[in-house]
Amino acid sequence: MTPLGDLRRHFLLVKGMAKATDTDVEGAYAAGRLDQDEWAEMVRACRGCQWTEGCEAWLDGGQGAAVAPKPCCNRARLAMVRLEEELAG
């Protein structure tokens, strides 16, 4: 079993990916569309992801996108949060 990556590093990667995809995870949390367990699971999944270096490089490139890149383990969840955001607003 592969050990999980650094908690702070992956917390920041999830926040960075959310920002790059214009997904307001903090707003979703505040509105009750994303609970603490779901947020923690996103960070935990990121900590086990094998695409960390690719993710950092993609985020450092500064290109945003409507959807996270395919290798991102949180791609679907971020897309759902964004969709829920659009439907609620």
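Here's what I pulled together on the structure shown here. (Residues numbered from 1 in each chain as written. Predicted model: local features only at pLDDT ≥ 70, side-chain atom pairs only at ≥ 80, totals over all residues. Heavy atoms only, no water.)

### Observations regarding the pattern of salt bridges
Put simply, the test is: A carboxyl oxygen of Asp or Glu within 4 Å of a side-chain nitrogen of Lys or Arg is what we treat as a salt bridge. Helix and strand assignments come from DSSP, with helices taken as H or I runs of at least 4 residues and strands as E runs of at least 2, each series counted from the N terminus. The cut-offs for exposure are 20% and 50% of the maximum accessible area for each residue type, with area from a 1.4 Å probe on protein chains only; residues under the lower value are buried, those over the upper are exposed, and the others partly exposed.
Tallied over the entire structure, the rule returns six salt bridges. For Glu41, the salt bridge is made with Arg44, and the minimal N-O distance between the two is 2.8 Å. One end of the pair, Glu41, and the other, Arg44, are both in helix α3 (residues 36-47), three residues apart, so they sit about a helical turn from each other. Residue Arg44 is classed as partly exposed on the basis of its relative accessible area of 40%. The residue Glu86 makes a salt bridge to Arg82 at a minimum N-O spacing of 3.7 Å.

### Things to note about a nonpolar patch on the surface
To keep it simple, the criterion reads: Note on patches: the residues involved have over 30% relative accessible area and no salt bridge, like charges join within 9 Å, and the nonpolar side chains Val, Leu, Ile, Met, Phe, Trp and Tyr join within 5 Å. Surface accessibility follows the Shrake-Rupley procedure with a 1.4 Å probe radius. Residue values consider only the protein chains on display as shielding.
Taken together, the side chains of Met80, Leu83 and Leu87 make up a nonpolar region of the molecular surface, amounting to roughly 310 Å² of accessible area. Among the secondary structure elements, Leu87 is positioned in helix α5 (residues 75-88).

### Examining the nonpolar core
To keep it simple, the criterion reads: Among buried residues, those of type Ala, Val, Leu, Ile, Met, Phe, Trp, Tyr and Cys that are joined through side-chain atoms within 4.5 Å constitute a nonpolar core. Only heavy atoms matter for contacts: two residues are in contact if any of them lie within 4.5 Å across the pair.
In this structure, Val14, Met17, Val25, Leu34, Trp39, Met42 and Leu78 are the most contacted members of the largest nonpolar core, which totals 18 residues. In terms of residues, this core owes the most to one element, helix α1 (residues 7-20), which gives five residues. Excluding anything up to four places from it in sequence, Met17 contacts Trp51, Cys55, Trp58, Leu59, Ala68, Pro69, Cys72 and Leu78.

### Observations concerning the packing of α1 against helix α4 (residues 52-60)
What counts, and what does not: Here an angle of 0 to 180 degrees is reported between the N-to-C directions of two axes, which are lines fitted to C-alpha atoms, with helices fitted over the stretch in contact. We call two directions roughly parallel when the angle between them is under 35 degrees, roughly antiparallel when it is over 145, roughly perpendicular when it lies between 65 and 115, and oblique otherwise. In this scheme the handedness of a crossing depends on how the near helix is turned from the far one: anticlockwise by less than a right angle means left-handed, clockwise means right-handed. Under this grouping Gly is polar, as are all residues other than the nonpolar Ala, Val, Leu, Ile, Met, Phe, Trp, Tyr, Cys and Pro and the charged Asp, Glu, Lys and Arg.
Where α1 contacts α4, the axes come no closer than 10 Å and their chain directions differ by 45°. The orientation of α1 with respect to α4, classified from their angle, is oblique. Crossing of α1 over α4 shows left-handed handedness. The residues of α4 that touch α1, namely those facing Arg9, His10, Leu13, Gly16, Met17 and Ala20, are Thr52, Glu53, Cys55, Glu56, Trp58 and Leu59. For the contact of α1 with α4, the residue count by class is six nonpolar, three polar and three charged.

Keep in mind these numbers describe shape, not what the thing actually does.
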